[in-house]
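# Coordinate analysis (summary)
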Amino acid sequence: MAAKPDFTEKDAVHDGGLAPFNASDDVPAYDAPKAAAFEQYDGGAPLGFWTRMGCTPESFKRRTIADEANQLNQTLKPRHLHMIAIGGSIGAGLFVGSGSALNRAGPGGILLDYGIIGIMIFNVVYALGELAVMYPVSGGFYTYSTRFIDPSWGFAMGWNYVFQWAIVLPLELVVAGITISYWQVDVNVGVWITMFLVIIIAINVFGVLGYGEEEFWSSCLKLAAIIIFMIIGVICVCGGGPSDGQFSSYHGARFFYDPGAFANGFKGVCAVFVSAAFAFSGTELVGLAAAEAMDPVKALPGAIKQVFWRITLFYILSLLFVGLMVRHDDDQLLGNNPLIDVTASPFVIAAKNAGLEGFDHFLNVVIMVSVISIGNSGVYGGSRTLTALAEQGYAPKLFAYVDRAGRPLWSTLIIIACGLLAYINISSSGPEIFDWLLALSGLAALFTWGSICLAHIRFRKAWAYHGHTLDEIPFHAIFGVYGSWLGLGMVILVLIAQFYVAVWPLGGGVNDAEGFFKAYLALPVVMLFWICGYFWKKTGWLRTHQIDVDTGRREIDWPRIHAHRARLSAMPAWRRALHVVF
Ligand SMILES: NC(=[NH2+])NCCC[C@H](N)C(=O)O
């Protein structure tokens, strides 16, 4: 192993009295958890259980704990982070939206689309992990853009992220309401929307723990559903389906030949990138949640590795089976709205075609739970980012208020208030408005990911410039800076592909202005924020020598890391390879 890197002063503190390295630990344990103290005390006074849970009037008072940079709780356990990485914010985009994607691109096309976005997000999450282990983030990874790219761009990215989630919440509430109509209950969707909104408010009373626990269980449910779906898929494709269904004899990959692997050729593939991006968006939340974890340095690398499973199991394998079991020219795929009409879910259609009684109902429940969980992720992601913006002076100070239960009170309330937009869907112009919201949020995610990659690239450059070595980085992005270049390059290509279909849409001809902006609205929105940020902060692109890589670095327990690295390099190659993905 390489020589011990230059220690910072902070690290020197750790050189005495270290806990012995625990060889049975599978993930590196770098620094000691400092969570418990935040839980029990606030400004010196011990808090009661219900106050910490956010249920007493006392909980709503302003928190005044010592760590000024992070007033949030640090209570998420590794299991929460792991499940957030595996299944957090998977929902309508995958379960329902993939139907219209299949229709537009064909089974081979969607594999290509989701595969490309998958490789992109894989690199994004690793880049984010490397940065988050180095620099503790309190509530917003857009701060990496501020620090390493350009403060005005950081401003734009922060607000862009808040808006993405603020508009996703009402969207998910509507989808949840519509899942119920699958059972043909004769009750106005407004009633269901209200009910789901109340559920989300109730979860948020418990702050980050409510979010963590809800994501944990809903991800378990999603994981179970996907695994069941794939087992059924294997059986059906091999011909073991019920005798009254489509899969009673060997089926194989025939839909890849007839009607074909690609539906609209190259253009079809280009047209589906944004739907795929929408389905993947939220994967980056694990980096945000790290700020509220007990021991992020230990838990985050482990959680980040789960993203590989998320991409392969949830997206690639499940869509492979979808493509094997549903014809891309199946009329049922043409729902009223690509995301909102649950009957157009290819998972439901596959089960129906197989003649499996009841599976569609089960999937419908899964979809309903997932979309509520994403609504909740929306409240989480939006409120934390808004709080961080306020702390940095990029948003009104009011939103920096964190109460004694560790909840960013006003930011949470304002994002929940955006959920009320769901009711406009009930009016006749509702679906039209939703098309716009959807277009906005899918593309917006691409800007977030691109800037995470760019921030990582800039960080590595400045890191070397200031004379640091790679050994001083506790957790490395798996493909290093090349991974981030790949991620960034893919984001740019996808933006170009989307531009191409925005101008020359699938149906043929040239798009009108409305159609173009529907497909590309996020760009002017981001640009607007960027310009506002520029006039406000009056700063531009940061030169390498201007980038400060030392302030606010996490205290790292180096001897432990060295012990861990030594242990790793002593392993046989196959175990090291396994260690990369498990
Ligand atoms: N920030 C966002 N664009 N969030 C949207 C999350 C959508 C979620 N991935 C889904 O499949 O429904």
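Note that this is a predicted model, so its numbers are computed, not measured.

## Re the overall build of the chain
- Counting its secondary structure elements, the chain contains 23 helices and 2 strands.
- Expressed as a percentage of its 582 residues, the buried residues of the chain come to 59%.
- Once local pairs closer than 6 in sequence are excluded, the contacts in the chain between residues at least 24 apart make up 83%.
- Carbon and sulfur atoms form 68% of the exposed surface of the chain, whose accessible area is close to 22,300 Å².

## Looking at unusual backbone geometry
- Residue proline 259 is reached from aspartate 258 by a cis peptide bond, and omega for that bond is 10°.
- Considering the arrangement of structural elements, one finds proline 259 in helix α11 (residues 254-260).

## Some points on the site of the ligand
- Close to the ligand lie 14 residues, the nearest being Ser89, Gly93, Gln164, Phe278 and Ser281.
- For the ligand, a nitrogen atom lies 3.1 Å from a polar atom in the backbone of alanine 279.
- Serine 281 places a polar main-chain atom, nitrogen or oxygen, 2.9 Å from a nitrogen atom of the ligand.
- In isolation the ligand exposes 350 Å². Once the protein is present, 100% of that is buried.
- Contributions of two or more residues to the shell around the ligand are made by α5 (92-95), α8 (151-181) and α12 (265-280).

## Details of the side chain of serine 98
- Of note, serine 98 is situated in helix α6 (residues 97-134).
- Separated by 2.5 Å, the side chain of serine 98 and the backbone oxygen of leucine 94 make a polar contact.

## Some remarks on the environment of leucine 409
- Secondary-structure assignment places leucine 409 in helix α17 (residues 409-418).
- For leucine 409, a relative accessible area of 14% corresponds to the buried category.
- Separated by 153 residues in the primary sequence, leucine 409 and histidine 562 have C-alpha atoms spaced 41 Å apart.

## So, a nonpolar patch on the surface
- A cluster of nonpolar side chains, contributed by Trp183, Val185, Val187, Val191 and Val365, occupies part of the molecular surface with about 370 Å² of accessible area.
- For tryptophan 183, a relative accessible area of 33% gives the class partly exposed.

## Topic: the pattern of salt bridges
- One pass over the structure, following the stated rule, counts 7 salt bridges.
- With a closest N to O distance of 3.1 Å, glutamate 213 and arginine 79 form a salt bridge. Separated by 134 residues along the polypeptide, glutamate 213 in helix α10 (residues 207-237) and arginine 79 in helix α4 (residues 78-87) bring together distant segments of the chain.
- With relative accessibility at 24%, the residue glutamate 213 sits in the partly exposed group.
- Linking aspartate 258 and arginine 327 is a salt bridge whose minimum nitrogen-to-oxygen distance equals 3.8 Å. Taken as a pair, aspartate 258 in helix α11 and arginine 327 in the loop between α14 (296-325) and α15 (346-354) lie far apart in primary sequence, 69 residues in all.
- Look at aspartate 258 and you get partly exposed, because its relative accessible area is 48%.
- When salt bridges that share partners are traced, they join Asp258, Arg327 and Asp329 into one network.

## Here we look at the packing of helix α9 (residues 189-205) against helix α16 (residues 359-391)
- Taken N-terminus to C-terminus, the directions of α9 and α16 make an angle of 55°; their axes are 10 Å apart at the nearest point. In terms of orientation, α9 and α16 fall into the oblique class. Between α9 and α16 lies a crossing of right-handed hand. Contacts from Phe196, Ile200, Ile203 and Asn204 of α9 reach α16 at Met368, Ile372, Gly375, Asn376 and Val379.
- Taken together, the residues of the contact of α9 with α16 break down into 6 nonpolar, 3 polar and no charged.

## Digging into the nonpolar core
- Core analysis: the biggest nonpolar cluster contains 174 residues, and Tyr114, Tyr144 and Trp449 have the highest contact counts within it.
- Sort the elements by how many residues they give to this core and α8 lands first, with 19 residues.
- Those residues in contact with tyrosine 114 that sit more than four places away from it in its chain are Gly93, Ser98, Ala101, Val272, Ser275, Ala276, Ala279, Phe280, Tyr315, Ile316 and Leu319.

## Considering the packing of aromatic side chains
- Applying the stated criterion across every chain, the model contains 34 aromatic pairs.
- A centroid spacing of 3.9 Å and a plane angle of 0° characterise the contact between tyrosine 211 and tyrosine 380, whose relative ring orientation is stacked. Placement of the pair is tyrosine 211 in helix α10 and tyrosine 380 in helix α16, with a sequence separation of 169 residues.
- Residue classification places tyrosine 211 among the buried residues on the basis of a relative accessible area of 1%.
- Following the ring pairs from residue to residue traces out a cluster consisting of Phe122, Tyr126, Phe308, Trp309, Phe475 and Phe479.
- The ring of phenylalanine 216 has arginine 79 sitting right over it, with the charged end atom 4.6 Å from the ring centre.

## Here's the deal with the environment of tyrosine 182
- Within the element layout of this structure, tyrosine 182 appears in the loop between α8 and α9.
- Residue classification places tyrosine 182 among the buried residues on the basis of a relative accessible area of 17%.
- Between the C-alpha atom of tyrosine 182 and that of histidine 361, which follows or precedes it by 179 residues, the distance is 8.5 Å.
- Setting aside chain neighbours within four positions, we find tyrosine 182 in contact with Thr343, Val348, Lys352, Asp360, His361 and Asn364.
- There is a polar contact of 2.8 Å between the side chain of tyrosine 182 and the side chain of aspartate 360.

## Quick word on the confidence of the model for the chain
- Confidence in the prediction of the chain, expressed as mean pLDDT, is 81, and 85% of residues score 70 or more.
- No element of the chain has a lower mean pLDDT than helix α1 (residues 9-13), which averages 35, and none a higher one than helix α19 (residues 480-503), which averages 93.
- Throughout residues 1-41 the model reports pLDDT below 50, and contacts reaching past four residues in sequence, or to other chains, amount to 81 contacts.
- Here the prediction assigns the complex a pTM of 0.86, and the interface score ipTM is 0.97.

## Looking at the side chain of threonine 387
- Mapped onto the elements of the fold, threonine 387 is located in helix α16.
- Accessibility expressed as a relative area gives 3% for threonine 387, which makes it buried.
- Residues within four places of threonine 387 in sequence aside, it is in contact with Phe399, Ala400, Val402, Pro408 and Ser411.

Each value, and the rule that gives it
- Residues numbered from 1 in each chain as written.
- Predicted model: local features only at pLDDT ≥ 70, side-chain atom pairs only at ≥ 80, totals over all residues.
- Heavy atoms only, no water.
- Helix = DSSP H or I, 4+ residues; strand = E, 2+ residues; numbered from the N terminus.
- Buried < 20%, exposed > 50% of the residue type's maximum accessible area, 1.4 Å probe, protein only.
- Contact = heavy atoms within 4.5 Å.
- Areas by Shrake-Rupley, 256 points an atom, 1.4 Å probe, with all protein chains shown as cover.
- Near = heavy atom within 4 Å.
- Polar contact = N/O pair within 3.5 Å; in protein donor to acceptor, adjacent residues only side chain to side chain.
- Patch = residues over 30% accessible without salt bridge, like charges linked within 9 Å, V, L, I, M, F, W, Y side chains within 5 Å.
- Salt bridge = Lys/Arg side-chain N within 4 Å of Asp/Glu carboxyl O.
- Axes fitted to C-alpha atoms, helices over the stretch in contact; angles between N-to-C directions.
- Parallel < 35°, antiparallel > 145°, perpendicular 65-115°, else oblique.
- Left-handed = near helix turned anticlockwise from the far one by under 90°.
- Nonpolar A, V, L, I, M, F, W, Y, C, P; charged D, E, K, R; others polar.
- Core = buried A, V, L, I, M, F, W, Y, C linked by side-chain atoms within 4.5 Å.
- Phe/Tyr/Trp six-rings, centres within 6.5 Å; stacked < 30°, edge-to-face > 60°.
- Lys NZ or Arg CZ within 6 Å of the ring centre and 35° of its normal.
- pLDDT = per-residue confidence, 0-100.

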